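Notes for the structure review
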Amino acid sequence: MAYDLIVIGSGPGGYFCAIRAAQLGMKVAVVEKDKTFGGTCLNIGCIPSKALLHASHLYDEAGHLFDRMGIKVGNPKLDLPGMMKFKDEGVAGNVKGVAFLFKKNKIDTFQGTGRIAAGGKVEVTSAGRKSETLEAKAIVIATGSDVARLPGIEIDEKRIVSSTGALVLSTVPKRLLVIGAGVIGLELGSVWRRLGSDVVAVEFLDRILPGMDNEVCRQVQRILEKQGMTFRLSTKVTAIDPSSQPLKVKIARSSDGGGAETVEADVVLVAVGRVPYTAALGLETLGVKQDNKGRVLVDQYFATNVAGIYAIGDVIAGPMLAHKAEDEGVAVAEILAGQAGHVNYDVIPNVVYTFPEIASVGKSEEELKQSGIDYRAGKFPFTANGRAKINLETEGMVKILADAGSDRVLGVHIVGADAGNMIAEAAVAMEFGAAAEDIARTCHPHPTLSEAVREAALAVDKRAINM
Ligand code: FAD
Ligand code: NAI
């Protein structure tokens, strides 16, 4: 069978690409090695983690907040298998949705591992079946990423787990040690802390969430510490004795290896990043170039150095985020159809789904300083927002960074309940090249948390009303 396009991988990058290409009239095939579609995001990433974050947050609120609002439920009891079932049902609904969309868009699907045998040829192999070779004018590699590992520390997904194992623990660990205070460490650390674990996050650097605005991170660290999470910054794990019960984890100062000590944990979560996944694709034989981190090298049209082979999503450079992969999937499909597909990498929002949520888009203060850009900052705390007060959700703030000369919005950072939804307004504003004054002059509904975004925009010009 000859196709216009074969997409290898059905994660957010791959399935968006396939659907957009089909919409544009292409005959499309998708090759997926796993049993279900949706990739990391739907099966073992965004969706299951957000299900557990949502359920554990409500459990936490039922235990601490309901009483203050006059709701007497007594001490909530955790039914962990029930919570896992809720999560699994959410995942199942989402992956079935992708299968439905493939059918609806007349996309052929092949379950098996794809290998690019030659330009325009993909060999699909799956256990117990004869391999078959598909042909296409273009091939898009959307094979995503895998867990980064630490030398000498073997992940067994039972006691020493990656995010995948941390989403399916069958009991609440008394002590959870997280290696890495990045996005996964904070999100899954929050889940298990809410469900009853003592959580310690060991972070190599002297700060949490590297890359995010420093002021925001300091505030978030304080909030999470108040919730009961412990951080060991500038610290590294040097060894874990896997035979010990509980696990004996050796830690030391990250700078010089000094101050060594042993701490005990029932479960260790390794969350030190992710690496591009290109196994079995045959890239070396084809001569497809990769960088020193194993990412597939592409030009601004997502084309590799080999004609007819493209790549998108986690497997190429850039933030490893589902919506970035989705946008690249759409862009490459449009480029293949002769259109001007494009991704604006300056406006990719980033959300950490802790409570409160942390959301940002555009530049941090440190980045602006480093580039020598003169900016003005407007900040507004949720303690001064009416809706946040009545909801008892006053932690956090909105910070807007605007160019000192033109007032153009350069970066927006929000710590607060529902920050992830609110950041979309900032992204739209930035996409349209808005000035802080444009946001400030836009009527926002009352009473909503979004009024804090408007107030921060007003604060850029030192004229916030409620502060
Ligand atoms: P993937 O989703 O990894 O999909 C790649 C697919 O390719 C997989 O299905 C794989 O089986 C398949 N594949 C690989 N090789 C082959 C082959 N040779 N043949 C056939 N199939 C193959 N991002 C967010 O934006 N928001 C979040 O809240 C969020 N939460 C996350 C939580 C966790 C715990 C994790 C681990 C990640 C999270 N991410 C989140 C990141 C997000 O999951 C990724 O950025 C996103 O899935 C990348 O999409 P992708 O299509 O590039 O790759
Ligand atoms: P990360 O890059 O966010 O954080 C890894 C952390 O581990 C960093 O703080 C790093 O300094 C630290 N670290 C690295 N080596 C270490 C060591 N030896 N000892 C101690 N600390 C060490 O990676 P994470 O959390 O694993 O997430 C992987 C990717 O998945 C991220 O890039 C993120 O984009 C994506 N993701 C996105 C989510 C979201 O958008 N809400 C949620 C979860 C994951």
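The structure displayed is predicted, hence computed values, not measured ones. (Residues numbered from 1 in each chain as written. Chains lettered and ligands numbered in written order. Predicted model: local features only at pLDDT ≥ 70, side-chain atom pairs only at ≥ 80, totals over all residues. Heavy atoms only, no water.)

Side note on the overall build of the protein
For the protein, the count of helices and strands is 14 helices and 22 strands. Its C-alpha atoms put the protein at 65 × 60 × 50 Å along the principal axes. Buried positions account for 51% of the 467 residues belonging to the protein. Counting contacts in the protein only where the partners sit at least 6 residues apart, residues at least 24 apart contribute 62% of the total. Surface summary for the protein: the accessible area is close to 21,500 Å², and the carbon and sulfur share equals 52%. Side chains of the protein give 52 positive and 55 negative charges; the mean places of these two sets differ by 3 Å. (Helix = DSSP H or I, 4+ residues; strand = E, 2+ residues; numbered from the N terminus. Buried < 20%, exposed > 50% of the residue type's maximum accessible area, 1.4 Å probe, protein only. Contact = heavy atoms within 4.5 Å. Areas by Shrake-Rupley, 256 points an atom, 1.4 Å probe, with all protein chains shown as cover. Lys, Arg positive; Asp, Glu negative; His and termini not counted. Charge placed at Lys NZ, Arg CZ, Asp CG, Glu CD.)

Description of the packing of aromatic side chains
The way to describe two aromatic rings as a pair is by their centre distance and the angle between their planes. A complete count under the given rule lists 3 aromatic pairs for this structure. With centroids separated by 6.3 Å and ring planes inclined at 85°, the aromatic side chains of Tyr-3 and Phe-110 adopt a geometry described as edge-to-face. Of this pair, Tyr-3 sits in strand E1 (residues 2-8) while Phe-110 sits in strand E3 (residues 108-111), placing them 107 residues apart in sequence. In this structure Tyr-3 comes out as buried when scored by relative accessible area, which is 4%. (Phe/Tyr/Trp six-rings, centres within 6.5 Å; stacked < 30°, edge-to-face > 60°.)

What about the nonpolar core?
Judged by nonpolar contacts, the single largest core of 56 residues is most densely connected at Leu-5, Ile-6 and Val-28. In this view, Leu-5 contacts Cys-17, Ala-21, Met-26, Lys-27, Val-28, Ala-29, Ala-136, Ala-138, Ile-139, Val-140 and Leu-336; residues no more than four positions away in its chain are not counted. Grouped together as the second largest cluster of nonpolar side chains are 37 residues, Leu-176, Ile-208, Leu-224 and Leu-269 included. (Core = buried A, V, L, I, M, F, W, Y, C linked by side-chain atoms within 4.5 Å.)

Notes on the side chain of Ser-197
Summarising the element assignment, Ser-197 is placed in the loop between helix H6 (183-194) and strand E10 (198-202). Given a relative accessible area of 4%, Ser-197 falls into the buried group. One polar contact links the side chain of Ser-197 to the main-chain carbonyl oxygen of Pro-173, over a distance of 2.6 Å. Residues within four places of Ser-197 in sequence aside, it is in contact with Val-172, Pro-173, Lys-174, Leu-176 and Trp-192. (Polar contact = N/O pair within 3.5 Å; in protein donor to acceptor, adjacent residues only side chain to side chain.)

A closer look at the site of ligand 1
For ligand 1, the set of nearby residues contains 39 residues, the closest of which are Glu-32, Thr-40, Lys-50, Gly-114 and Ala-322. A distance of 3.5 Å separates a nitrogen atom of ligand 1 from a polar atom in the backbone of Cys-46. Calculation on ligand 1 without its partners gives an accessible area of 990 Å², and the protein chains cover 94% of this total. Examining the composition of the shell around ligand 1, we find that 4 residues originate from one element, helix H2 (residues 39-44), more than from any other. (Near = heavy atom within 4 Å.)

Topic: the domain arrangement of the protein
By the assigned domains, the protein splits into domain 1 (2-147 + 275-336), domain 2 (160-272) and domain 3 (350-460). The C-alpha centroid of domain 2 is placed 27 Å from the C-alpha centroid of domain 1. Counting from both sides, the interface comprises 17 residues of domain 1 and, opposite them, 16 residues of domain 2. For the pair domain 1 and domain 2, the summed buried area comes to about 1,300 Å², and 68% of that belongs to carbon and sulfur atoms. For the domain 1 face of the interface with domain 2, the top three residues by lost area are Ile-44, Leu-53 and Leu-80, together amounting to 32%. Our count for the contact surface shared by domain 1 and domain 2 stands at 2 salt bridges. Between Glu-187 and Lys-50 there is a salt bridge; the shortest N-O distance is 2.7 Å. Where domain 1 packs against domain 2, one counts 4 residue pairs in polar contact (both at pLDDT 80 or more). Mapped by element, the contributors of at least two residues to the side of domain 1 that touches domain 2 are helix H3 (46-64) and helix H4 (80-104). Element by element, the count of residues in the side of domain 1 that touches domain 2 is highest for H3, at 9 residues. (Domains from an automatic or database assignment. Buried area = accessible area lost by both parts, 1.4 Å probe. Salt bridge = Lys/Arg side-chain N within 4 Å of Asp/Glu carboxyl O.)

Here we look at the side chain of Lys-324
Positionally, Lys-324 belongs in helix H9 (residues 322-336). Once residues lying within four places of it in the same chain are set aside, the contact partners of Lys-324 are Gly-313, Ile-316, Ala-317, Gly-318, Pro-319, Tyr-345 and Ile-348.

Concerning empty space enclosed by the protein
The full count for this structure, using the stated rule, is 1 cavity of 30 Å³ or more. Of the pockets and cavities examined, the largest cavity occupies roughly 30 Å³. Forming the walls of the largest cavity are Val-147, Ser-162, Ser-163, Ile-184, Val-270, Ala-271, Val-272, Gly-273 and Arg-274. (1 Å grid on protein atoms, 1.4 Å probe; cavity = no way out; pocket = protein on both sides within 12 Å on 5 of 7 lines; lining within 4 Å. Points joined across faces, edges and corners; volume = space filled by probe spheres on them.)

Notes on the layout of surface pockets
Taking a probe equal in size to a water molecule and rolling it over the atoms shows the remaining empty space. In this structure, the second largest pocket encloses a volume near 470 Å³. What lines the second largest pocket is a set of 18 residues, and nearest its centre among them are Asp-60, Leu-65, Gln-227, Phe-355 and Glu-395. Only H3, H6 and helix H7 (214-227) provide two or more residues apiece to the lining of the second largest pocket. With 4 residues, H3 is the single largest residue contributor to the lining of the second largest pocket. Across the lining of the second largest pocket, the residue classes break down as 5 nonpolar, 5 polar and 8 charged. (Nonpolar A, V, L, I, M, F, W, Y, C, P; charged D, E, K, R; others polar.)

What to know about the site of ligand 2
Close to ligand 2 lie 22 residues; Ile-184, Glu-187, Glu-203, Gly-273 and Val-351 are nearest. Here an oxygen atom of ligand 2 and a backbone polar atom of Val-183 are 3.2 Å apart. Here an oxygen atom of ligand 2 sits 2.6 Å away from a polar atom, N or O, in the side chain of Glu-203. Notes on ligand 2: free accessible area 840 Å², of which the protein chains cover 78%. It is H6 that contributes the most residues to the shell around ligand 2, 3 residues altogether. Of the residues contributing to the shell around ligand 2, the split by class is 15 nonpolar, 3 polar and 4 charged. The residue makeup of the shell around ligand 2 includes at least three contributed by each of domain 1 (2-147 + 275-336) and domain 2 (160-272).

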